[in-house]
Amino acid sequence: MNKQSETGVDNAGPKVTRKVSVAVIGAGTAGQNAFRQASKIHDDIVIINDGFWTTTCIQVGCMPSKLLIAAAERAHDAKSSAKFGVHATVQIDGKQVMQRVRDERNHFASYIKKQVEGWPDDKKIDGRAHINKQGLIEVNDELIEAEQIIIATGSSPFIPDGWTDKLGDTILTSDSVFELTDLPKSMAVVGAGAIGLEIAQALTRLGVDVTLFNRVKRVAGLKDDDINNKAIDCLSGELTMHLGSEINNVGTQTNAEHKAAFIDYEDSAGESKQWQGEYVLVATGRRNNIKQLGVENLGVELDDKNRPKYLSKKTGKIGDSNVYIVGDANTHIPLLHVASDEGYSAGSMVCENEENAYIRPPATPFSIVFCSPQIVNVGMSLPEIQQDSNLEHVIGSVSFDNQGRSRVMGVNCGLLHIYGCKKTDKILGASMVGPDAEYIGHILASAITNDLSVKDMLDTPFYHPTILEGLRTALRDVQHKMEIPYQYQDTQKNSS
Ligand SMILES: Cc1cc2nc3c(=O)[nH]c(=O)nc-3n(C[C@H](O)[C@H](O)[C@H](O)COP(=O)(O)OP(=O)(O)OC[C@H]3O[C@@H](n4cnc5c(N)ncnc54)[C@H](O)[C@@H]3O)c2cc1C
Ligand SMILES: NC(=O)c1ccc[n+]([C@@H]2O[C@H](COP(=O)([O-])OP(=O)(O)OC[C@H]3O[C@@H](n4cnc5c(N)ncnc54)[C@H](O)[C@@H]3O)[C@@H](O)[C@H]2O)c1
């Protein structure tokens, strides 16, 4: 990877301190997997990481957010049990809630720490890497020449220009919110993507006065309008949302000796308003950590959104170079299981027997937002399907508002759309808001990955009474709309 030796240009600068077969930059999920895999073959390998060695997912991402949601669900169940004739008094100890989030997070982190501690010290470098003009990796006082480089530098919260200064210590992101030692009284959450929705609802359920802002009338980036509208409908019962609002200014002001954050915004009707409260959690998206890294010095071209061009979605390889960009760093699908698979594949690719490497196929697109009811997307989105005129599609649908088991459990709000292909009897994709969506999503993802037909799925048993029977109703609707007469039986309509 040393451009100096390729070009023959003499470099009067510092000398290379080590030469390695493989350098992994970033020790999150993707980087650690790549390192573990590549270490099976290569001994001259190095992994460089800036910050904690325990992964974003465990430290500030998936795990602490789900721990907060777990507490919120307990509070919600207790508070909403009166309709079952069960009356409970709920007292929320904010300090204990936040302490458990961190204690359990640290418990998960300790396993990763232990693994990393087991790696030889001379293969780990704690520091921020930069790739210099010669294509060499600069980190601390080292200059490393690597034959192959795996970049797994992850992503960071995006904060709109100037907000950090204007909001001072009232600003929070997902990197800092889980470090709060107590639950605040009030909070604005800006951004109704996965992060904003999950945290806003959890904190609301824990008694925080939360106001959620989003500039478009959409939650969780839903692309199917009916599902989006249903999600807004289900969530708005307990969550104060200003969707389609435009934030014009943010800042702090002192009222009666208390410092408060404020947000000046125009609501969706165009009326100017102000919100005031204790904290502003900025959840306006994440950006890949690549801009400052110097990847252009390795010949990697980035597009105007900092996405690497010529990226193999299977392996993270960039064109025919010896550079791999995996996990959130490549922005392809910034989710944990994808980072994990991509790291594994890149780690296998840099091994000598590349041809025999097991490369996991790109996963079927699949995402879950753990708000309540959950939001799930699987396979192709509706706009993607609609753009392809060859895909003759039908939309099978089921409402969970009156679905048997959902109603029994008091979680009956939701809608599932399954996009079926008329020509092939296969499932193209699905979008859902509703109870047990995480399980329904997994079944659909498995069906798409394994190329099952709608008939195959309907020939498998659905136990009664389950929320999953709703999936069967939607599949039957798909089959009915496909108008494949030999498959559709009127009698099947009676599901319970
Ligand atoms: C609040 C939150 C909740 C989430 N919930 C979920 C969820 O429920 N399910 C899900 O699938 N996904 C979830 N995600 C996304 C998931 O956490 C990420 O997709 C995943 O952790 C990315 O892993 P990674 O290995 O690509 O990056 P990371 O784990 O971020 O690792 C990157 C590492 O590289 C280091 N680094 C960066 N630049 C340099 C440099 N120049 N030199 C050296 N080191 C560097 C970083 O410090 C970091 O240690 C969530 C994310 C957040 C923030
Ligand atoms: N359950 C999960 O799988 C999970 C959970 C959390 C995070 N994640 C990952 O983290 C990524 C980032 O999540 P995210 O929620 O931060 O980003 P996102 O891009 O999904 O959502 C950001 C939201 O902020 C809004 N927004 C942006 N700028 C705004 C502004 N100035 N004013 C008002 N609204 C604004 C956008 O319209 C969008 O709705 C996700 O794409 C996902 O990959 C996954």
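Values in this document were obtained by computation on a predicted structure and should not be read as measured data.

**Looking at the overall build of the protein chain**
Then, in step 1: Across its full length, the protein chain carries 14 helices and 22 strands.
Then, in step 2: Taking 2.2 N^0.38 as the reference for a compact globule, 496 residues should give roughly 23 Å; the C-alpha atoms of the protein chain span a radius of gyration of 25 Å, in line with that estimate.
Then, in step 3: The proportion of buried residues among the 496 residues of the protein chain is 50%.
Then, in step 4: Total accessible area on the protein chain is roughly 24000 Å²; 48% of this is exposed by carbon and sulfur atoms.
Then, in step 5: One way to put it: in the protein chain the 50 positive side-chain charges average out to a point 3 Å from where the 64 negative ones average out.

**Topic: the UniProt feature "binding site: FAD" (unreviewed entry) in the protein chain**
Then, in step 1: As annotated in UniProt, the feature "binding site: FAD" (unreviewed entry) corresponds to K66, T153, G154, S155 and D328 in the numbering used here. With a sequence span of 263 residues, these residues are also far apart in the fold, their greatest C-alpha distance being 23.1 Å.
Then, in step 2: Relative to the assigned elements, T153 resides in the loop between β6 (142-151) and β7 (155-157).
Then, in step 3: Ignoring any residue separated from it by four or fewer positions in sequence, one finds T153 in contact with I25, N289, L293 and A329.
Then, in step 4: Among the polar contacts listed, one links the side chain of T153 to the backbone oxygen of N289, at a separation of 2.6 Å.
Then, in step 5: In this structure, D328 sits in the loop between β17 (323-325) and α9 (336-349).
Then, in step 6: On the basis of relative accessible area, D328 is assigned to the buried category, the value being 19%.
Then, in step 7: A polar contact of 2.8 Å, which involves the side chain of D328, links it to the side chain of S155.

**Brief notes about the pattern of salt bridges**
Then, in step 1: Following the criterion strictly, the structure yields 20 salt bridges and no others.
Then, in step 2: With a shortest N-O distance of 3.5 Å, D121 and K124 are connected by a salt bridge.
Then, in step 3: Using a relative accessible area of 62% as the deciding quantity, one classes D121 as exposed.
Then, in step 4: The buried category is assigned to K124, whose relative accessible area is 17%.
Then, in step 5: For E238, the salt bridge is made with R205, and the minimal N-O distance between the two is 2.7 Å. Taken together, the positions of E238 in the loop between α8 (225-236) and β11 (240-243) and R205 in helix α7 (residues 194-205) put the pair 33 residues apart, joining distant regions of the chain.
Then, in step 6: Note on E238: relative accessible area 26%, which makes it partly exposed.
Then, in step 7: Via salt bridges that share partners, K230, D233 and D401 belong to a single interconnected network.

**As for the packing of aromatic side chains**
Then, in step 1: On inspection of all chains with the given rule, the structure shows 2 aromatic pairs.
Then, in step 2: Between F35 and W119 the ring centres are 4.5 Å apart and the planes differ by 45°, which places this aromatic pair in the tilted class. Residue F35 is found in helix α2 (residues 29-39), and its partner W119 is found in the loop between α5 (94-117) and β3 (124-126); the two are separated by 84 residues along the sequence.
Then, in step 3: By relative accessible area, F35 is classed as buried at 3%.
Then, in step 4: Taking relative accessible area as the criterion, W119 reaches 10% and is therefore assigned buried.
Then, in step 5: Seen in terms of ring centroids, F213 and Y265 are 4.8 Å apart; in terms of plane orientation they differ by 75°. Their pairing is edge-to-face. Of this pair, F213 sits in strand β10 (residues 209-214) while Y265 sits in strand β13 (residues 258-266), and the two are 52 residues apart along the sequence.

**Focus on the state of the cysteines**
Then, in step 1: Under the counting rule described, the total for this entry stands at 2 disulfides.
Then, in step 2: Note that C234 is cross-linked by a disulfide to C413, the S-S spacing being 2.2 Å. Every disulfide takes its handedness from the sign of the S-S torsion; for C234 and C413 that torsion is -90°, giving left-handed. With a gap of 179 residues between them, C234 in helix α8 and C413 in the loop between α11 (404-409) and β21 (415-421) connect regions that are remote in the sequence.
Then, in step 3: On the basis of relative accessible area, C234 is assigned to the buried category, the value being 12%.
Then, in step 4: Sequence-ordered numbering of the disulfide-bonded cysteines in the protein chain gives the connectivity 1-2, 3-4.
Then, in step 5: Summary of cysteine pairing: C371 is not part of a disulfide, and the nearest cysteine sulfur, belonging to C234, is at 9.4 Å.

**Here's the deal with the domain arrangement of the protein chain**
Then, in step 1: Taken domain by domain, the protein chain holds domain 1 (18-51 + 127-157 + 287-356), domain 2 (163-284) and domain 3 (366-495).
Then, in step 2: Here the C-alpha centroids of domain 1 and domain 3 sit 38 Å apart.

**Considering the sheet that holds strand β12 (residues 246-255)**
Then, in step 1: With antiparallel pairing, the 3 strands of this open sheet are ordered in space as β12-β13-β14. The open sheet is flanked by β12 and β14 (272-277), the only strands paired with a single partner. Between one strand axis and the next, the sheet turns by 25° as a mean value, whatever way the strands run.

**Some remarks on the sheet that holds β11**
Then, in step 1: A sheet is described by the order of its strands in space; here 5 strands give the open sequence β8-β15-β9-β10-β11, paired in parallel fashion. Because the sheet does not close on itself, it has two edges, and the strands there are β8 (171-172) and β11.
Then, in step 2: Pairing of β8 with strand β15 (residues 279-282) involves 2 bridges; the strand directions are parallel. Bridge assignment links L172 to a residue of β15, and that residue is L281.

**Concerning the site of ligand 1**
Then, in step 1: Neighbouring ligand 1 are 36 residues, the closest being A30, D50, T56, K66 and D328.
Then, in step 2: A distance of 3.1 Å separates an oxygen atom of ligand 1 from a polar backbone atom of T29.
Then, in step 3: Within the backbone of A30, an N or O atom sits 2.8 Å from an oxygen atom of ligand 1.
Then, in step 4: At the level of secondary structure, the elements contributing two or more residues to the shell around ligand 1 comprise α2, β2 (45-49), α3 (56-59), α4 (62-79) and α9.
Then, in step 5: The biggest single contributor to the shell around ligand 1 is α4, with 3 residues.
Then, in step 6: Tallied by class, the residues present in the shell around ligand 1 amount to 17 nonpolar, 14 polar and 5 charged.

**As for α4**
Then, in step 1: With 18 residues, α4 extends 25 Å from end C-alpha to end C-alpha; this agrees with the ideal 26 Å at 1.5 Å per step.
Then, in step 2: Of all the positions in α4, only P64, S65, L67, L68, I69, A72 and A75 are classed as buried.
Then, in step 3: Close packing links the buried residues of α4 with α3, α5 and α7.

Calculation notes
- Numbering of residues starts from 1 in every chain and runs along the sequence as written.
- To read the labels, note that chains go from A and ligands from 1, taken in the order they are written.
- A pLDDT threshold of at least 70 governs which residues receive local features in this predicted model, and a stricter bar of 80 or more applies before side-chain atom pairs are shown or counted, although totals over entire chains, interfaces and linings include all residues.
- Side-chain measures were taken over the full set of non-hydrogen atoms in the model, leaving aside hydrogen atoms and water.
- Helix numbering and strand numbering both begin at the N terminus, where a helix is a DSSP run of H or I of at least 4 residues and a strand a DSSP run of E of at least 2.
- For this measure, only C-alpha atoms enter the radius of gyration; the expected value for a globule follows 2.2 Å times N^0.38, where N is the number of residues.
- For each residue, the accessible area found with a 1.4 Å probe, counting protein chains only, is set against the maximum for its type, and the residue is called buried under 20%, exposed over 50%, and partly exposed in between.
- The accessible surface values rely on the Shrake-Rupley method and a 1.4 Å probe; as for residues, cover is taken only from the protein chains in view.
- The positive count covers Lys and Arg only, the negative count covers Asp and Glu only, and His and the chain ends enter neither.
- Note that the charge is assigned to NZ on lysines, CZ on arginines, CG on aspartates and CD on glutamates.
- UniProt positions are given in the numbering used here, feature names are shortened, and annotations may be inferred rather than shown by experiment.
- Throughout, a residue-residue contact means that at least one pair of heavy atoms, one from each residue, lies within 4.5 Å.
- We call two N or O atoms a polar contact when they sit within 3.5 Å, provided that within protein one can donate a hydrogen and the other can accept it, with sequence-adjacent residues counted only if both atoms are side-chain atoms.
- The term salt bridge refers to a pairing of a side-chain nitrogen on Lys or Arg with a carboxyl oxygen on Asp or Glu at a separation within 4 Å.
- Aromatic rings from Phe, Tyr and Trp, with only the six-membered ring used for Trp, were paired whenever their centres fell within 6.5 Å, and each pair was classed as stacked if the ring planes differed by under 30 degrees, edge-to-face if by over 60, and tilted otherwise.
- A pair of sulfur atoms, both from cysteines and within 2.5 Å, is called a disulfide here.
- In this entry, domain limits derive from an automatic or database-based domain assignment.
- When DSSP finds two or more bridges between two strands, those strands count as paired.
- Angles here are taken between N-to-C directions and fall from 0 to 180 degrees, while the axes themselves are lines fitted to C-alpha atoms, restricted in helices to the stretch in contact.
- Any residue with a heavy atom lying within 4 Å of a molecule or strand is counted as near it.
- In this classification, Asp, Glu, Lys and Arg are treated as charged, Ala, Val, Leu, Ile, Met, Phe, Trp, Tyr, Cys and Pro as nonpolar, and every other residue, Gly included, as polar.
- Between the first and last residue of a helix there are one fewer steps than residues, each counted as 1.5 Å, and that sum is the expected span.

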